[in-house]
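Notes for the structure review
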Amino acid sequence: MSADDVIESILRDYDTITVVGASANPAKAANEVPAYMKRRGWRIIPVNPHADEIVGERVYRQLADIPEQVGLVDVFRPADDAVEVARQAVAAGATALWLQLGIRSAEARDIAESAGLRYVEDRCLIIEQRRTGIVAGGTR
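Residues numbered from 1 in each chain as written. Predicted model: local features only at pLDDT ≥ 70, side-chain atom pairs only at ≥ 80, totals over all residues. Heavy atoms only, no water.

Structural notes on the sheet that holds strand 2 (residues 43-47)
Stated precisely, the cut-off is as follows: DSSP bridges decide pairing: two strands pair if at least two such bridges lie between them. Secondary structure is summarised from DSSP: a helix means a run of H or I of at least four residues, a strand means a run of E of at least two, and numbering begins at the N terminus for each. Axis lines are fitted to C-alpha atoms, over the contacting stretch for helices. Their N-to-C directions set the angle, which ranges from 0 to 180 degrees. Contacts are assigned to residue pairs that have any heavy atoms within 4.5 Å of one another.
Strand order in the open sheet formed by 5 strands is 2-1-5-6-7, with parallel pairing between adjacent strands. Of all strands in the sheet, those with a lone pairing partner are strand 2 and strand 7 (118-120), marking the two edges. Here the average twist between neighbouring strands, direction ignored, is 20°. Pairing geometry for strand 6 (residues 96-99) and strand 7, over 3 bridges, is parallel. From the neighbouring strand, Leu 97 faces strand 7, where its bridge partner is Tyr 119. Sheet strands in contact with helix 4 (residues 106-114) are strand 6 and strand 7, and its direction is about 160° off that of strand 7.

A word on unusual backbone geometry
Phi at Val 55 is positive, roughly 45°, even though this residue is not glycine. Mapped onto the elements, Val 55 comes out in the loop between strand 3 (53-54) and strand 4 (57-58). Phi at Asp 122 takes a positive value of approximately 55°, unusual for a residue other than glycine.

A short note on the UniProt feature "domain: CoA-binding" (unreviewed entry) in the protein chain
Rule in force here: UniProt positions are given in the numbering used here, feature names are shortened, and annotations may be inferred rather than shown by experiment.
Taking the UniProt record as the reference, the feature "domain: CoA-binding" (unreviewed entry) is found at residues 11-103. Regarding residues 11-103, the helix share stands at 29% and the strand share at 24%, and the terminal C-alpha atoms are separated by 19 Å.

Have a look at this one:
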C-alpha cells in the first residue's frame, strides 16, 4: 500500500483524532491543525500535560489517561519523543500513528508497524485533507 493509500484510508476510517502535543496557543500548528480538523467534522482528543482545554475539548495528560479506545494518534512532538509516543500508542491500543510534517523516526515506524499500526510520518493532516477532499465520515 502506498503512502497516499495509507493516508486516504486513515482519513476515511477514523472520525476521532487523538493529538499528542496539542497546544493551547492558537499561533502554533499543534493548535491550528486540530482546530481545522475539528471544523471538518473530526472529534479531537487533545493530550498535553500542561493544559486543561484545547480547541474546546477536555485535555488528557497522557494517552493512558484516555478512558476510551484510542484509534488514530497524531503526534506534534519532536522526533526524539516519537519513539516513546509510539510505545504509548501501542500500549493504549491505537491502530494508527501519524507524525506531523517535519517529524520522522525510523524507530517509531518500527514500533508502530511491528504492532500492526497504520503509519504516516512527515505529513500534515491539513495538507492531506485538502489534497484528498476527504472529510470526517469518509466522504469527499
